[in-house]
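Topology and contacts: notes
For reference, the chains in residue letters:
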Amino acid sequence: MADTELLSILKRISAKEVLRLVIILAAVSFLAMFHNRGDDVVVEIGNEVPHLITSSVCEHAVEEKYGTYFPKIQKNFKCRDIMKIALEEGPAPKWPPLNFPNEEDFLNITQEGKMPITRIYYFGRKQEKNLGEKNNINYRWTPELIQSLQKGAINGKPMGSYGIDSDQHVMKVLDKFSDVISGKSGFVIGSERPWLEALLLMKGAKHVTTIEYSQIHSTHPNISTITPKEISEQYIKSEQPLFDFGISFNSLEHSGLGRYGESINSCGDLVAMASAWCLTKSQGHFLLNVPQSDDWSSYIEFNGHRKYGRDRLKHMAASWDVVSMEKKDRQKKDSDTDYLWVLKKHTDIINKQ
């Protein structure tokens, strides 16, 4: 093409179109760097050890469709790669953790400003040391303990750390979706007290597997315990059966913030939800509680926990169908435990690559 013809074409292109062309070319160039690496990108997390992150899990700029409560998005989960993250993760090499994210991590942790840091709690080892002993946590789960919790629930006594109104709310939701639970096998993410396990068995669950970092010993014939690392190893070896349902209550909001001694992972909560998706059978369900803000905004109270609104919830529910949002009848204002989301895995395709 002659130089005069090229110049003529460029003159007819607006500045906006030129900018768009530059962005597209830059994106193509970046993707070409990784064309032999699939979706796997090694991301440096501040001063912590590198993590193997499946880029689609943590990606913020994704296509959105209309959803009842928040936009619906679909992500391509590569389950084997997601499970490798748990094998890579471990205690933070430095303690205490950063009391504020460094500049390199700030945009990722705050979801490019859509989940700002509004308050500094700063939990370090001193605050969390011996937390189990202080809260009278029993890491030996016996049939007698489960039976005692179930009897307490019937008599209106608190079972967990969140009060009787939260216990009753969970029971109400389990009754409403009894077909999801009854006669089926499920998993619980993040549970040091077996109150959820006791409720699930009381409502007809066949078997419950608890996924927890703490070493818990269960002698109950219908409750198994396993660490995230162990279940990830079994999944990668194709030795881990999938579950009919799962549940997590007031747990995933802490993931990856370093509060409990783990390495910083800006999208630790999203990785946990993707792992739950991978562990659930097609057409299976997941019940999720995380702290939500009253005005539906998303923010972080670093390094204590995240507060969820539409901008973060849509990523937590990526590739799930939202069946229902079950709101607690408040006896007291506590947005941390007010909502229980019922999600369904709608796809028949499980990507185990």
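Residues numbered from 1 in each chain as written. Predicted model: local features only at pLDDT ≥ 70, side-chain atom pairs only at ≥ 80, totals over all residues. Heavy atoms only, no water.

**Considering the packing of aromatic side chains**
- In the structure shown here, the tally under the stated rule is 11 aromatic pairs.
- A centroid spacing of 5.9 Å and a plane angle of 55° characterise the contact between Tyr 162 and Trp 195, whose relative ring orientation is tilted. Pair noted here: Tyr 162 is in the loop between helix H8 (143-154) and helix H9 (164-176) and Trp 195 is in helix H11 (residues 195-202), with a separation of 33 residues, a long-range link.
- Residue Trp 195 is classed as buried on the basis of its relative accessible area of 5%.
- Considering the side-chain rings of Trp 195 and Phe 249, the 5.2 Å spacing of their centres and the 90° angle between planes classify their relative orientation as edge-to-face. Of this pair, Trp 195 sits in helix H11 while Phe 249 sits in strand E11 (residues 243-249); the two residues are 54 residues apart in sequence, bridging distant segments of the chain. The same class applies to Trp 195 and to Phe 249, which are both buried.
- Among the aromatic residues, those joined into a cluster by ring pairs are Tyr 69, Phe 70, Trp 296, Tyr 339 and Trp 341.
- The positively charged end of Arg 310 is found above the aromatic ring belonging to Trp 296, 4.4 Å away from the centroid. (Phe/Tyr/Trp six-rings, centres within 6.5 Å; stacked < 30°, edge-to-face > 60°. Helix = DSSP H or I, 4+ residues; strand = E, 2+ residues; numbered from the N terminus. Buried < 20%, exposed > 50% of the residue type's maximum accessible area, 1.4 Å probe, protein only. Lys NZ or Arg CZ within 6 Å of the ring centre and 35° of its normal.)

**Remarks on the sheet that holds strand E10 (residues 223-226)**
- With mixed pairing, the 7 strands of this open sheet are ordered in space as E10-E8-E7-E11-E12-E16-E15. A single partner strand is all that each edge strand has here, and the edge strands are E10 and strand E15 (321-327). Strand-to-strand twist across the sheet, computed as the mean angle between neighbouring axes with direction ignored, equals 20°.
- The sheet contact formed by E11 and strand E12 (residues 280-289) spans 6 bridges and is parallel. (Pairing = 2+ DSSP bridges. Axes fitted to C-alpha atoms, helices over the stretch in contact; angles between N-to-C directions.)

**Description of the packing of H8 against H11**
- Interaxial distance between H8 and H11 falls to 9 Å at its minimum, and their mutual angle equals 75°. If you check the angle between H8 and H11, you find them roughly perpendicular. Packed against H8, whose contacting residues are Ile 146, Leu 149, Gln 150, Ala 153 and Ile 154, the element H11 presents Trp 195, Ala 198, Leu 199, Leu 201 and Met 202 at the interface.
- In the contact of H8 with H11, the residues fall into 9 nonpolar, 1 polar and no charged. (Parallel < 35°, antiparallel > 145°, perpendicular 65-115°, else oblique. Contact = heavy atoms within 4.5 Å. Nonpolar A, V, L, I, M, F, W, Y, C, P; charged D, E, K, R; others polar.)

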